[in-house]
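Residue-level listing of the chains:
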Amino acid sequence: MVVITDPVREQLHAVWAAVAPSWGEHAGAIDIRGAGVTRAMFDAVDLARGDQVLELAAGPGSVGLTAAEVVGPGGSVVVSDIEPQMVAITAERAQRRGLANVTTRVLDLEHIECPAASFDIVFCRDGLMLVPDPAAAVREVHRVLRPGGRAAFAVWAERRHNTWLGALLDAVTAELGVAIPPPGMPGPFSLAEPGVLEELLRAAAFAEVTGRDVETPLHVRSFDEWWSVVPALAGPLASLLESLPAEMTTAIRTSAQADLATFAGADGYDLPGMSVVATGRRRSTT
Ligand SMILES: C[S@@+](CC[C@H](N)C(=O)[O-])C[C@H]1O[C@@H](n2cnc3c(N)ncnc32)[C@H](O)[C@@H]1O
């Protein structure tokens, strides 16, 4: 396969290799937490039996494995990610569920090594904002869709609507005194501003572009549960936190705990979260 490599991309890809085991460990919880967004993506593209589907930047494959059940034996789903360990996790999950219509591949979202017009539907949940050139990635998605085919993308909405993750970024930034992610680097909120995702789709020649917000709150039973899960999954931050001296990590933890205290209730913490789901159709004549 062809992967575009340069030092920035190598670094961006490597952080996902480091957290892949945690994504495998928490795959079931990731399926449940993302179910509302997955449903919104399916509705946006009218996913149906027999569809030929590609999922990009799939992590442990929540969207693609669920889609495989919808498209049935007459359809097919290619579930892909840049990180081979993520792909292996998905392959194992597909096998365990007996999903014979799923294949897995290592694919780069910025350079999709598939022929033009290969798929009816393309999904990408929480991946597009992580690449250096999301406009090129959306053009690639457009290219691999058949005329009339549809894509659905999900990205995180603005940080102020995503306390579940923003609290960690704020605490790290406060302790280190530097912006996380650094200016110019892609990150979870790179495409969060209202209308940006939809504009990327229009610029790539998609028609019938629509976008909507989908609430994605995170419930955890305790602060300790939040601390054990969120930093372990947060690609670039996981390695950074591991590399810090213990007293700095403790300060970050204390600061995040104070920040999240407002959301504590009798049965744990209900932390706000919000995604943007956008869809578009490749014109029948292009
Ligand atoms: C935040 S996780 C989202 C995983 C999954 N889509 C989900 O919603 O649960 C981001 C995923 O994007 C993958 N990724 C990062 N850069 C990529 C690229 N250039 N091409 C394909 N996948 C990429 C990472 O390996 C990781 O699995």
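Residues numbered from 1 in each chain as written. Predicted model: local features only at pLDDT ≥ 70, side-chain atom pairs only at ≥ 80, totals over all residues. Heavy atoms only, no water.

Labelled according to an unreviewed UniProt entry, the protein chain appears under the name Methyltransferase, originating from Mycolicibacterium psychrotolerans.

The secondary structure content of the protein chain amounts to 11 helices and 10 strands. Over its C-alpha trace the protein chain gives a radius of gyration of 19 Å, about what one expects of a compact globule, namely 19 Å for 286 residues. Along the first, second and third principal axes, the C-alpha atoms of the protein chain reach 60 × 40 × 35 Å. Across the 286 residues in the protein chain, those meeting the buried criterion constitute 51%. In the protein chain, once contacts between residues fewer than 6 apart in sequence are set aside, the share between residues at least 24 apart is 80%. The protein chain carries 22 positive and 35 negative side-chain charges, and their two centres are separated by 7 Å. (Helix = DSSP H or I, 4+ residues; strand = E, 2+ residues; numbered from the N terminus. Rg over C-alpha atoms; globule rule 2.2 N^0.38 Å. Buried < 20%, exposed > 50% of the residue type's maximum accessible area, 1.4 Å probe, protein only. Contact = heavy atoms within 4.5 Å. Lys, Arg positive; Asp, Glu negative; His and termini not counted. Charge placed at Lys NZ, Arg CZ, Asp CG, Glu CD.)

Another point: the packing of helix α7 (residues 163-176) against helix α9 (residues 223-233). Closest axis-to-axis distance for the α7/α9 pair is 11 Å, and the angle between their directions is 80°. Comparing the axis directions of α7 and α9 gives the class roughly perpendicular. From α7, Trp164, Leu165, Ala167 and Leu168 reach across to α9, where they touch Trp226, Trp227, Val230 and Pro231. (Axes fitted to C-alpha atoms, helices over the stretch in contact; angles between N-to-C directions. Parallel < 35°, antiparallel > 145°, perpendicular 65-115°, else oblique.)

To continue, consider the layout of surface pockets. A volume near 190 Å³ is recorded for the second largest pocket. Lining the second largest pocket we find Ala18, Val19, Ser22, Trp227, Ser228, Pro231, Ala232, Ala238, Ser239, Leu241, Glu242 and Thr249. For the lining of the second largest pocket, the per-class residue count stands at seven nonpolar, four polar and one charged. (1 Å grid on protein atoms, 1.4 Å probe; cavity = no way out; pocket = protein on both sides within 12 Å on 5 of 7 lines; lining within 4 Å. Points joined across faces, edges and corners; volume = space filled by probe spheres on them. Nonpolar A, V, L, I, M, F, W, Y, C, P; charged D, E, K, R; others polar.)

We now examine the nonpolar core. Core analysis: the biggest nonpolar cluster contains 58 residues, and Leu168 and Trp226 have the highest contact counts within it. When residues in this core are grouped by element, the largest group, seven residues, is from α7. Ignoring any residue separated from it by four or fewer positions in sequence, one finds leucine 168 in contact with Trp226, Trp227, Val230, Pro231, Ala234, Leu237, Leu241 and Ile252. Val37, Val53, Ala67 and Ala94 belong to the second-largest nonpolar core, a separate cluster that totals 24 residues. (Core = buried A, V, L, I, M, F, W, Y, C linked by side-chain atoms within 4.5 Å.)

The next thing to look at is the UniProt feature "domain: Methyltransferase" (unreviewed entry) in the protein chain. As annotated in UniProt, the feature "domain: Methyltransferase" (unreviewed entry) corresponds to residues 49-153 in the numbering used here. Helix makes up 32% of residues 49-153 and strand 30%, with an end-to-end C-alpha separation of 20 Å. (UniProt positions renumbered as here; feature names shortened; annotations may be inferred.)

This part covers the side chain of arginine 125. Tracing the backbone shows arginine 125 in strand β4 (residues 119-125). No salt bridge is formed by the buried arginine 125, whose closest oppositely charged neighbour, aspartate 126, lies at an N-O distance of 4.4 Å. One polar contact links the side chain of arginine 125 to the main-chain carbonyl oxygen of glycine 34, over a distance of 3.2 Å. Discounting residues that sit within four places of it in the chain, arginine 125 has contacts with Ile30, Gly34, Val37, Thr38, Met41, Leu56, Ala57, Ser62, Val63 and Ala154. (Salt bridge = Lys/Arg side-chain N within 4 Å of Asp/Glu carboxyl O. Polar contact = N/O pair within 3.5 Å; in protein donor to acceptor, adjacent residues only side chain to side chain.)

Attention now moves to the site of the ligand. Every one of the 18 residues lining the ligand counts as a neighbour, but Ala57, Asp81, Asp108, Leu109 and Arg125 are closest to it. One of the backbone nitrogen or oxygen atoms of isoleucine 82 is found 3.3 Å away from a nitrogen atom of the ligand. The separation between a nitrogen atom of the ligand and a polar side-chain atom of aspartate 108 is 2.9 Å. Burial of the ligand by the surrounding chains reaches 96%, relative to a free accessible area of 600 Å². (Near = heavy atom within 4 Å. Areas by Shrake-Rupley, 256 points an atom, 1.4 Å probe, with all protein chains shown as cover.)

Spatially, seven strands are ordered β3-β2-β1-β4-β5-β10-β6 in an open sheet, and the strand pairing comes out mixed. Edge strands, defined here as strands with exactly one partner in the open sheet, are β3 (102-106) and β6 (206-215). On average, each strand axis in the sheet is inclined to that of its neighbour by 15°, with strand direction left out of account. Where strand β5 (residues 145-156) lies against strand β10 (residues 274-282), seven bridges are found, and the strand directions are antiparallel. Bridged to tryptophan 156 within β10 is serine 275. (Pairing = 2+ DSSP bridges.)

As a further point, take the sheet that holds strand β9 (residues 268-271). Spatial strand order, β7-β9-β8: three strands in an open sheet with antiparallel pairing. Looking along the sheet, the strands with just one partner apiece sit at the ends: β7 (218-220) and β8 (264-265). Relative to β9, β7 runs antiparallel, the two being bridged by three bridges. From the neighbouring strand, valine 220 faces β9, where its bridge partner is tyrosine 269. With respect to the sheet, α9 is in contact with β7 and β9, its orientation differing from that of β7 by roughly 120°.

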